[in-house]
Amino acid sequence: MKLALIATFATSAAAFSISPQKAAQAGAVAAAIATSAAAPAFAGDVAAGEQVFNANCAACHAGGQNVIMPDKTLEKEALEQYLAGGRNEKAVITQVTNGKNAMPAFGGRLSDEDIANVASYVIASSESGWDE
């Protein structure tokens, strides 16, 4: 919201101090900044995600491993290789919500917020390395 206000202010100020062409360019740049910054994609709460993960996922995925399909772990490289959509929060959200193969769907069991938090935790842990 703040970025949108700043963008509007910058566009308005530019319109009064420079040529119409420069004002249009400034407006386009401000709109691009406001639009791209306004969608901060799935930034869940990692600490809350860890709690949800420990209560719902750790039975099969303790320490980022996979007791059912050992090659398909939650390690960075495995997520990049096996996760449909690649190693990102959106792909984890889809997998957790819908399930796949031996993994059950959690969409009816966990809230969207819990799933987003788990996704943030999984991505953060895969980046930093899982603690056993």
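Bear in mind the structure is a predicted one, so any value in this text is a computation, not a measurement. (Residues numbered from 1 in each chain as written. Predicted model: local features only at pLDDT ≥ 70, side-chain atom pairs only at ≥ 80, totals over all residues. Heavy atoms only, no water.)

Considerations on the state of the cysteines
Enumeration over the complete set of coordinates arrives at 0 disulfides. With no disulfide of its own, Cys-57 lies 8.9 Å from the sulfur of Cys-60, the closest cysteine sulfur. Note on Cys-57: relative accessible area 10%, which makes it buried. (Disulfide = S-S within 2.5 Å. Buried < 20%, exposed > 50% of the residue type's maximum accessible area, 1.4 Å probe, protein only.)

Let's talk about helix α6 (residues 89-98)
Along α6, the positions that sit buried rather than exposed are Glu-89, Ala-91, Val-92, Ile-93 and Val-96. Against the buried residues of α6 lie α7 (112-128). For α6, the N-terminal cap is Asn-88; the gap from its side-chain oxygen to the backbone nitrogen of Lys-90 is 3.1 Å. Note on α6: the residue one or two positions beyond its end, Gly-99, has a positive phi of about 70°. (Helix = DSSP H or I, 4+ residues; strand = E, 2+ residues; numbered from the N terminus. Contact = heavy atoms within 4.5 Å. Polar contact = N/O pair within 3.5 Å; in protein donor to acceptor, adjacent residues only side chain to side chain.)

Concerning the pattern of salt bridges
As enumerated under the stated definition, the model contains 3 salt bridges in all. Residue Lys-76 is joined to Glu-127 by a salt bridge in which the shortest nitrogen-to-oxygen separation is 3.4 Å. Highlighted residues: Lys-76 in helix α5 (residues 76-82) and Glu-127 in helix α7, separated in sequence by 51 residues. Across the pair Glu-80 and Arg-87 runs a salt bridge whose closest N-O atoms are separated by 3.7 Å. Residues joined by salt bridges that share partners form a network here, namely Lys-76, Glu-80, Arg-87 and Glu-127. (Salt bridge = Lys/Arg side-chain N within 4 Å of Asp/Glu carboxyl O.)

Let's talk about the environment of Lys-90
By the element assignment, Lys-90 lies in helix α6. Judged by relative accessible area, which is 52%, Lys-90 ranks as exposed. Counting along the chain gives 30 residues from Lys-90 to Ser-120, while the straight-line C-alpha distance between them is 9.5 Å.

What about a nonpolar patch on the surface?
There is a patch of nonpolar side chains on the surface, built from Val-67, Ile-68 and Met-69 and spanning about 270 Å² of accessible area. Looking at the element boundaries, Ile-68 is found in the loop between α4 (58-61) and α5. (Patch = residues over 30% accessible without salt bridge, like charges linked within 9 Å, V, L, I, M, F, W, Y side chains within 5 Å. Areas by Shrake-Rupley, 256 points an atom, 1.4 Å probe, with all protein chains shown as cover.)

Re the packing of aromatic side chains
A ring pair, where both rings are aromatic, is described by two values, the distance of the centres and the angle of the planes. According to the stated counting rule, one finds 3 aromatic pairs in the structure shown. With centroids separated by 5.2 Å and ring planes inclined at 55°, the aromatic side chains of Phe-53 and Tyr-121 adopt a geometry described as tilted. You can see Phe-53 sitting in helix α3 (residues 46-56) and its partner Tyr-121 sitting in helix α7, a full 68 residues away along the chain. Note on Phe-53: relative accessible area 3%, which makes it buried. For the ring pair Phe-53 and Trp-130, a centre distance of 5.4 Å and an interplane angle of 35° mean the geometry is tilted. Here Phe-53 is found in helix α3, whereas its partner Trp-130 is found in the segment after α7, with 77 residues between them in sequence. Accessibility expressed as a relative area gives 10% for Trp-130, which makes it buried. Taken together, the aromatic side chains of Phe-53, Tyr-121 and Trp-130 make up a single cluster linked through ring pairs. In this structure, Arg-109 packs its charged tip against the face of Phe-106, placed 4.8 Å from the ring centre. (Phe/Tyr/Trp six-rings, centres within 6.5 Å; stacked < 30°, edge-to-face > 60°. Lys NZ or Arg CZ within 6 Å of the ring centre and 35° of its normal.)

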